[in-house]
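Reading the structure
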Amino acid sequence: MSSLEKNSFIRSIKFYLPGLILIFSVLNEFDLNYLKIEYFSFNFVYILIFYWTLKNPLHLSYGVIFLAGLVNDVVIGTPIGLSSFCYLLICTVTAYLRNITLTPNFINDWITLLFTLLLVNSIEVIFLDLIFSIKVNYTRYFVVTGFTFLFYPIFMLIFNSLEKKIRIRKND
């Protein structure tokens, strides 16, 4: 096992794993609508970007986030650049939160996620409905925001354990 840890290729894959998960999730359009449960969906990409840019931004670069937004726009058919703008807005909020916070606190992060989700979804709805005249289902946005907020603690625990596995040791 220690020989695997010393392999630079394996370490590189582990280091860039959050970016790979992000690209895979926007290509896959991860959604629980396949279960045929009406209005049960959450935005995994928002949780992923919020967590990794808040806790350890080295693993998820802004360039990868921007490209993932462009890919997401192509996959779901929204105007090009809208998802990138929303994703980078999440990055802006997390960078601000990371700079003003002395000690990380789960409750503060969770409340900030709710504010960020409301801000990003409001801007997305304004762009889609008022500027591009695309019909928007407001109930869907509200429900997706709620479920994304509720699922954050679960994914935070998963990402915390993943971060422990990909953490670079000081003597590497």
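What you are looking at is a predicted structure, and each value in this text was computed from that prediction instead of being measured.

Right, let's talk about the packing of helix α3 (residues 17-28) against helix α5 (residues 62-76) for a bit. Their axes nearest at 8 Å, the elements α3 and α5 cross at an angle of 10°. Classified by the angle their axes make, α3 and α5 are roughly parallel. Along its contact with α3, which presents Gly 19, Leu 22, Ile 23, Val 26 and Leu 27, the element α5 presents Val 64, Ile 65, Ala 68, Val 71, Asn 72 and Val 75. Within the contact of α3 with α5, the residues separate by chemical class into nine nonpolar, two polar and no charged.

For the rest of this paragraph, the subject is a nonpolar patch on the surface. A contiguous nonpolar surface patch, about 480 Å² in accessible area, is contributed by Ile 126, Leu 130, Ile 131, Phe 132 and Ile 134. Assignment of secondary structure puts Leu 130 in helix α7 (residues 106-131). On the accessibility criterion, Leu 130 (63% relative accessible area) is exposed.

On to the nonpolar core, then. Leu 22, Ile 49, Trp 52, Tyr 152 and Phe 159 are the most contacted members of the largest nonpolar core, which has 40 residues in total. Listed by contribution, the elements that provide at least two residues to this core are α3, α4 (44-55), α5, α6 (82-100), α7 and α8 (138-166). With 10 residues, the top contributor of residues to this core is α4. When neighbours within four sequence positions are excluded, Tyr 152 is seen to be in contact with Ile 47, Phe 50, Tyr 51, Phe 106, Asp 109, Trp 110 and Leu 113.

Turning our attention to the packing of aromatic side chains. The description of two aromatic rings rests on the distance between their centres and on the angle between their planes. The full count for this structure, using the stated rule, is 15 aromatic pairs. With a centroid separation of 5.5 Å and 40° between ring planes, the pair formed by Phe 42 and Phe 155 is classed as tilted. In this pair, Phe 42 sits in the loop between α3 and α4 while Phe 155 sits in helix α8, placing the two residues 113 residues apart along the sequence. Between Trp 52 and Phe 159 the ring centres are 6.0 Å apart and the planes differ by 50°, which places this aromatic pair in the tilted class. Placement of Trp 52 in helix α4 and of Phe 159 in helix α8 is noted, with a sequence separation of 107 residues between them.

Conventions and cut-offs
- Residues numbered from 1 in each chain as written.
- Predicted model: local features only at pLDDT ≥ 70, side-chain atom pairs only at ≥ 80, totals over all residues.
- Heavy atoms only, no water.
- Axes fitted to C-alpha atoms, helices over the stretch in contact; angles between N-to-C directions.
- Helix = DSSP H or I, 4+ residues; strand = E, 2+ residues; numbered from the N terminus.
- Parallel < 35°, antiparallel > 145°, perpendicular 65-115°, else oblique.
- Contact = heavy atoms within 4.5 Å.
- Nonpolar A, V, L, I, M, F, W, Y, C, P; charged D, E, K, R; others polar.
- Patch = residues over 30% accessible without salt bridge, like charges linked within 9 Å, V, L, I, M, F, W, Y side chains within 5 Å.
- Areas by Shrake-Rupley, 256 points an atom, 1.4 Å probe, with all protein chains shown as cover.
- Salt bridge = Lys/Arg side-chain N within 4 Å of Asp/Glu carboxyl O.
- Buried < 20%, exposed > 50% of the residue type's maximum accessible area, 1.4 Å probe, protein only.
- Core = buried A, V, L, I, M, F, W, Y, C linked by side-chain atoms within 4.5 Å.
- Phe/Tyr/Trp six-rings, centres within 6.5 Å; stacked < 30°, edge-to-face > 60°.

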